[in-house]
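These are the residues of each chain, in order.
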Amino acid sequence: MTNITNFNKKNNQNQALRHQSPYQEQNLSQGDNQDTDIQIPDFSEESAIYNISNRGRIVVLIDGSNLFYAALQLGIEIDYSKLLSHLAKGGKLLRAFFYSGVDRTNDKQQGFLLWMRRNGYRVVTKDVVQFPDGSKKANLEVEIAVDMLTLASYCDTVVLVSGDGDLAYAVNAVSYKGVRVEIVSLHSMTSESLINYADCFIDLDSIKEEIQKVSNTSYM
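Just so we're clear, the structure is a prediction, and the values are computed from it rather than from any experiment.

Undergrad: Now, about the overall build of the chain: what can you tell me, with residues and values included?
TA: Looking only at helices and strands, one finds 8 helices and 8 strands in the chain. For the chain, the share of sequence-separated contacts (at least 6 apart) that also reach a separation of at least 24 residues comes to 64%.

Printed below as a string of structure tokens:
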């Protein structure tokens, strides 16, 4: 009877391991000891985004408006070629999406978006809406969430460049599919719920030297 009990216990452990995502921590305890301390990683460390040796197939999703305001806070201009290269380290880039509200009369913005399309990005746009107070905005959270969930079946790692808490539920849903989710944003502009659902978080302030534009190269 004891042998049968031990066999069933071992079989249950093997079933759990087979269904475990390759990016999840191996937290099954040895034998019957359930008191083993679990070490929680410090997501504030710069190396957190590269804390596995192979990040597999990578999808990058960039909330353009959120990144723009983060760059303003940091006092830098983003080099989007450097950014894409940096975010795809340790893996194979499958797709990179850039989401942006557009003003059809802004020729400079149109030139920038054309450059993005020709340099590795799939650009998703929506016309900006002007509100009664004079402000202009285009909400693309739905587009980002839908693309993230759709592509989760084809990738191993999703890199979301945004601090928008409205995306937290979608991030949680993607993580349940066994996909690793990494959040990249300025910490002061990032929802805590978004950070909590992600596998790791990297503060833009810690990588600004690697992704900022240092020349006068134009995107036109």
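Here the narrative resumes, following the displayed structure.
Undergrad: Tell me what's going on with the pattern of salt bridges, and back it up with residues and numbers.
TA: Per the stated rule, a full pass over the model turns up 7 salt bridges. We note a salt bridge from arginine 55 to glutamate 182, for which the minimum N-O separation is 2.5 Å. Of this pair, arginine 55 sits in the loop between helix H1 (2–18) and strand E1 (56–63) while glutamate 182 sits in strand E7 (residues 180–185); the two residues are 127 residues apart in sequence, bridging distant segments of the chain. The same class applies to arginine 55 and to glutamate 182, which are both buried.

Undergrad: Describe in detail the packing of helix H5 (residues 141–151) against helix H6 (residues 168–175), supporting the description with residues and values.
TA: The geometry of H5 relative to H6 is characterised by a closest axis approach of 10 Å and an angle of 0 degrees between their N-to-C directions. Here H6 runs roughly parallel to H5, going by the angle between their axes. Facing H5, whose interface residues are Ala145, Met148 and Leu149, H6 presents Ala170, Val171, Ala173 and Val174. Here the contact of H5 with H6 is composed, by residue class, of 7 nonpolar, no polar and no charged.

Undergrad: Kindly report on the side chain of arginine 55, identifying the contributing residues and their values.
TA: For arginine 55, a relative accessible area of 0% puts it in the buried group. In terms of polar contacts, arginine 55 uses its side chain to reach the backbone carbonyl oxygen of lysine 89, at 2.4 Å. Within the structure, the side chain of arginine 55 is placed 2.5 Å from the side chain of glutamate 182, a separation counted as a polar contact.

Undergrad: Just give me the short version of the nonpolar core, but keep the residues and values in it.
TA: Soluble globular proteins tend to bury their nonpolar side chains together. If you look at the biggest cluster of nonpolar residues, it comprises 30 residues, and the most contacted ones within it are Tyr80, Leu83 and Tyr121. The set of elements that each furnish at least two residues to this core consists of E1, helix H2 (64–74), helix H3 (80–87), strand E2 (91–102), helix H4 (107–117), strand E6 (157–161) and helix H8 (204–211). Residues Leu61, Tyr99, Ile144 and Ala152 belong to the second largest nonpolar core, which totals 26 residues.

Undergrad: Lay out the sheet that holds strand E8 (residues 200–203) with the relevant residues and their values.
TA: Taken in spatial order, the 6 strands of this open sheet run E3-E2-E1-E6-E7-E8, and their pairing is parallel. The open sheet has two free edges, formed respectively by strand E3 (122–127) and E8, since each of these has just one partner strand. Averaged over all pairs of adjacent strands, the angle between their axes in this sheet comes to 15 degrees, without regard to strand direction. As paired strands, E2 and E3 are joined by 6 bridges and run parallel to one another. The residue of E3 that forms the bridge with serine 100 is threonine 125. Together, E1, E2, E6 and E7 form the strand contacts of H3, whose direction differs from that of E1 by roughly 140 degrees. Strand contacts of H6: E6 and E7, with the helix running at about 150 degrees to E7, the strand carrying the most contacts.

Undergrad: Give me the lowdown on the packing of aromatic side chains, citing residues and values where you can.
TA: Counting across every chain of the model gives 7 aromatic pairs. Between the aromatic rings of phenylalanine 68 and tyrosine 69, the centroid separation amounts to 5.4 Å while the plane-to-plane angle is 75 degrees, which identifies the pairing as edge-to-face. Residue phenylalanine 68 is classed as partly exposed on the basis of its relative accessible area of 48%. Among the residues examined, tyrosine 69 registers a relative accessible area of 47% and is labelled partly exposed. One aromatic cluster is present, formed by Tyr80, Phe98, Phe112 and Tyr121 through successive ring pairs.

Cut-offs used in this document
Residues numbered from 1 in each chain as written. Predicted model: local features only at pLDDT ≥ 70, side-chain atom pairs only at ≥ 80, totals over all residues. Heavy atoms only, no water. Helix = DSSP H or I, 4+ residues; strand = E, 2+ residues; numbered from the N terminus. Contact = heavy atoms within 4.5 Å. Salt bridge = Lys/Arg side-chain N within 4 Å of Asp/Glu carboxyl O. Buried < 20%, exposed > 50% of the residue type's maximum accessible area, 1.4 Å probe, protein only. Axes fitted to C-alpha atoms, helices over the stretch in contact; angles between N-to-C directions. Parallel < 35°, antiparallel > 145°, perpendicular 65-115°, else oblique. Nonpolar A, V, L, I, M, F, W, Y, C, P; charged D, E, K, R; others polar. Polar contact = N/O pair within 3.5 Å; in protein donor to acceptor, adjacent residues only side chain to side chain. Core = buried A, V, L, I, M, F, W, Y, C linked by side-chain atoms within 4.5 Å. Pairing = 2+ DSSP bridges. Phe/Tyr/Trp six-rings, centres within 6.5 Å; stacked < 30°, edge-to-face > 60°.

Read these as spatial facts, not as claims about activity.
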